[in-house]
There are 2 protein chains.
Amino acid sequence: MINQLVDKIKKTGAPIVAGLDPTLKFVPEHIKKKAFAEYGETMKGAAEAVWQYNKAIVDAISDLIPAVKPQIAMYEQFGVEGMIVFQRTVEYCKEKGLVVIGDVKRGDIGSTSEAYAVGHLGQVQVGSTLCRGFDEDFVTVNPYLGSDGVKPFIKVCQEEKKGIFVLVKTSNPSSGEFQDRLIKGVDEKGSEERPLYEVVGEQVASWGAECMGDSYSYVGAVVGATYPEQGKILRKIMPKAYILVPGYGAQGGKGADLVHFFNEDGLGAIINSSRGIIAAYQQEKYAGYGAEHFADASRAAVLDMKEDIAQALAARI
Amino acid sequence: MINQLVDKIKKTGAPIVAGLDPTLKFVPEHIKKKAFAEYGETMKGAAEAVWQYNKAIVDAISDLIPAVKPQIAMYEQFGVEGMIVFQRTVEYCKEKGLVVIGDVKRGDIGSTSEAYAVGHLGQVQVGSTLCRGFDEDFVTVNPYLGSDGVKPFIKVCQEEKKGIFVLVKTSNPSSGEFQDRLIKGVDEKGSEERPLYEVVGEQVASWGAECMGDSYSYVGAVVGATYPEQGKILRKIMPKAYILVPGYGAQGGKGADLVHFFNEDGLGAIINSSRGIIAAYQQEKYAGYGAEHFADASRAAVLDMKEDIAQALAARI
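Bear in mind the structure is a predicted one, so any value in this text is a computation, not a measurement.

Q: Where do I start with the overall build of chain A in this structure?
A: Check the secondary structure of chain A and you find 13 helices and 12 strands. Whereas a compact globule of 317 residues would reach a radius of gyration of roughly 20 Å, chain A reaches 19 Å, a difference of no more than 12%. Projecting the C-alpha coordinates of chain A onto the three principal axes gives extents of approximately 65 × 55 × 35 Å. For chain A, with 317 residues in total, the buried portion stands at 65%. Taking contacts inside chain A between residues at least 6 apart in sequence as the whole, the part at least 24 apart equals 71%. When the accessible surface of chain A is totalled, it reaches about 11,200 Å², and 50% of it is carbon and sulfur. For chain A, the separation between the mean place of its 35 positive charges and that of its 41 negative charges on side chains is 2 Å.

Q: Is there a simple way to think about the interface of chain A and chain B in this case?
A: Reports often express the size of an interface as the amount of accessible area lost when the parts come together. If you look at the interface, chain A gives 74 residues, while chain B gives 75 residues. Both faces considered, chain A and chain B share a buried interface measuring about 6,000 Å² in area, 61% of it formed by carbon and sulfur atoms. When the buried area of chain A at its contact with chain B is split by residue, A:Tyr144, A:Phe178 and A:Arg181 rank highest and sum to 15% of it. Our count for the chain A to chain B interface comes out at 6 salt bridges. In this structure, B:Glu193 and A:Lys184 form a salt bridge, with 3.4 Å as the shortest nitrogen-oxygen distance.

Q: Any chance you could explain the sheet that holds strand β1 (residues 16–20) of chain A here in plain terms?
A: Paired through their backbone hydrogen bonds, the strands of a sheet run either parallel or antiparallel. All names here are of chain A. The sheet built from 8 strands closes into a barrel, its strands ordered β1-β2-β3-β6-β7-β10-β11-β12 with parallel pairing. Geometrically, the sheet is characterised by an average inter-axis angle of 30° between neighbouring strands, direction not taken into account. The sheet strands contacting helix α9 (residues 196–209) are β7 (163–169) and β10 (219–223), and the helix crosses β7 at an angle near 160°. The sheet strands contacting helix α10 (residues 228–237) are β7, β10, β11 (243–245) and β12 (269–273), and the helix crosses β7 at an angle near 130°.

Q: How should the sheet that holds strand β12 (residues 269–273) of chain B be read in this particular structure?
A: All names here are of chain B. Strand order in the closed barrel made by the 8 strands is β1-β2-β3-β6-β7-β10-β11-β12, with parallel pairing throughout. When the angles between neighbouring strand axes are averaged without regard to direction, this sheet yields 30°. Here strand β1 (residues 16–20) pairs with strand β2 (residues 67–70) via 4 bridges, running parallel. By the bridge assignment for β2, Leu20 is matched with Pro70. The sheet contacts of helix α9 (residues 196–208) involve β7 (163–169) and β10 (219–223), and relative to β7 the element is tilted by about 160°.

Q: Would you take a moment to explain the environment of A:Ile31 for this structure?
A: Residue and element names in this part refer to chain A. In this fold, Ile31 is placed in helix α2 (residues 29–39). As for Ile31 and Val50, which are separated by 19 residues in sequence, their C-alpha atoms are 8.6 Å apart. When neighbours within four sequence positions are excluded, Ile31 is seen to be in contact with Ala49, Gln52, Tyr53 and Phe294.

Q: Sorry, what's going on with the packing of helix α6 (residues 110–120) of chain B against helix α7 (residues 147–160) of chain B here?
A: Residues and elements named next belong to chain B. For the pair α6 and α7, interaxial distance at closest approach is 8 Å and the crossing angle is 35°. Read as a crossing pair, α6 and α7 show a hand that is right-handed. Mapping the contact onto sequence places Gly110, Ser113, Glu114, Tyr116, Ala117 and Val118 in α6 and Asp148, Gly149, Pro152, Phe153 and Val156 in α7. Split into classes, the residues belonging to the contact of α6 with α7 amount to 6 nonpolar, 3 polar and 2 charged.

Q: Just to check I follow, could you spell out the packing of α2(A) against helix α3 (residues 43–61) of chain A for this structure?
A: Geometry of a packed helix pair, given as the angle between the helix axes and the separation of the axes. Residues and elements named next belong to chain A. Two numbers describe how α2 lies on α3: the axes approach to 8 Å, and their chain directions differ by 140°. Classified by the angle their axes make, α2 and α3 are oblique. Our pair here, α2 against α3, has a crossing hand that is right-handed. Here Ile31, Lys32, Ala35, Phe36 and Tyr39 of α2 come into contact with α3, specifically with Lys44, Gly45, Ala46, Glu48, Ala49, Gln52 and Tyr53. For the contact of α2 with α3, a count of residues per class yields 7 nonpolar, 2 polar and 3 charged.

Q: Looking at this structure, I do not really get unusual backbone geometry. What am I missing?
A: Among all residues except glycine, the phi angle is most often negative; among peptide bonds, the trans geometry is most common. Phi is positive for A:Asp135, close to 60°, though the residue is something other than glycine. Mapped onto the fold, A:Asp135 is located in the loop between β5 (129–132) and β6 (138–141). The class for A:Asp135 is buried, based on a relative accessible area of 16%. Its identity as a non-glycine residue notwithstanding, B:Lys105 has a phi of 45°, on the positive side. Among the residues examined, B:Lys105 registers a relative accessible area of 8% and is labelled buried.

What counts as what
Residues numbered from 1 in each chain as written. Chains lettered and ligands numbered in written order. Predicted model: local features only at pLDDT ≥ 70, side-chain atom pairs only at ≥ 80, totals over all residues. Heavy atoms only, no water. Helix = DSSP H or I, 4+ residues; strand = E, 2+ residues; numbered from the N terminus. Rg over C-alpha atoms; globule rule 2.2 N^0.38 Å. Buried < 20%, exposed > 50% of the residue type's maximum accessible area, 1.4 Å probe, protein only. Contact = heavy atoms within 4.5 Å. Areas by Shrake-Rupley, 256 points an atom, 1.4 Å probe, with all protein chains shown as cover. Lys, Arg positive; Asp, Glu negative; His and termini not counted. Charge placed at Lys NZ, Arg CZ, Asp CG, Glu CD. Buried area = accessible area lost by both parts, 1.4 Å probe. Salt bridge = Lys/Arg side-chain N within 4 Å of Asp/Glu carboxyl O. Pairing = 2+ DSSP bridges. Axes fitted to C-alpha atoms, helices over the stretch in contact; angles between N-to-C directions. Left-handed = near helix turned anticlockwise from the far one by under 90°. Nonpolar A, V, L, I, M, F, W, Y, C, P; charged D, E, K, R; others polar. Parallel < 35°, antiparallel > 145°, perpendicular 65-115°, else oblique.

Taken by themselves, the reported measurements are silent on function.
Okay, here's the thing in structure tokens:
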């Protein structure tokens, strides 16, 4: 699946993933009105509004981009009805030829991570039958529990030719609270101190060596666009890891910040934008589209983002 | 809710939480056979088997214990059908008067953690209506993203009088890979090096000070029974945090290992056992019950566990 992702990035010329992270305040009033009229102001009504909103955006942008990243929390907040729409969104995006990265940030002890891994990427045994659950192409994984929390995901990736992105340095303001803590050098690297995110990055490179695609590993990393300097270092520590970069746009990351996340082959990074794309119509820049044409505003935002990244990459050469 | 948990622990004399972590290999054949006959070897069939299994166990032990901890991964592996049974299990246990700890280990950047927090503990706004999602009493939270990933949970806990348990030192063999890394002292504590789990523990104590119940905080911690020495230190670092202790039984933790997790008031810790209780009938010790009477075996295992902990606590005085 990492090979397919790389191919699609080359084909579209857009190292972009659209974050399908719908909150109801992003969904235009006319969609909510219709959904609530049909199902009431209920979880089902909310989920229906989210579904119609997602579908229109995906229809408007699926030819431009290689991948989408639905953030499961935004669906889980609506309980079971939200999870039904999460699944429907995953299926629909795959039908549209998009690679689907489930932003689930799961991670637990071994046997439990195994359950998450089969539920999101693999197949679960029911009697003599194998059944598929949410069936994303990639998921994000939290590394706090160490190797035996991550390896069950890697095992399923090897079987299914799917992939993961491990949280290394997240985009949020307080990510440094633990991730930046200086770790005493007590291993083969000698006595040099280095931040926790580098230690995690080294581990990602080591896990990734176990499952290589053609040029990149099935094991990628999450590094926030809001930390370009750290991105530069991590790019070197994990040369074969695709880096999923959140934090562009609304969180403050700019095109010029992104160049260090890419390798010299122009590959190796995929930039996420969520509300910058899906709620573009709420920005002054795209307000002319109006709420009725929110999906066209999303398309325009994707084209602008593509141009911004291309210019930044061109400027570095 | 922390006050209710403490009251129930006192009332039952059992600082025990039963981990409702069903995998199909724990579910007796006669239950699976019936469920598959009705719904086929499908996700729905698997979920129905899990539900019947859970219900029988809860009916057999709910008078003995204060709380249950369903591990959501074991439900999520069965997709949407699994999530329906997760919700049904949460509701049923609450009807039975049990405190429900959703073992979800969620954690993300601020706005996303907020969605998880309202979805699992709070209420989500749909139009002018407030709706409840999974509605557990407590959830477990992963701290890797720092304060702005944890605080949205704390905010909802303050509003709803609910609680969280933050992962500090997990029970699995490789938990030390990152959690035990020695952190250079760069803060008010001076230059002394200490492991990451202590730094996280200090933060738990600080978060917890913001929302105290009568004698313990709404913000608790997860510390594995498999690491009793670390438990001893963490007990002192977080005196007001209730410690949720996984790893008893199947993972290797013994009654004698547990005493250091408790405060001198005999409170402050609640010990989880999952397969040791729910799959007791598969152990040699309880094999006499047979698969037909699996729930009675679970009851016997709870009574033995209660005795083991009581003896260990008595022996320390």
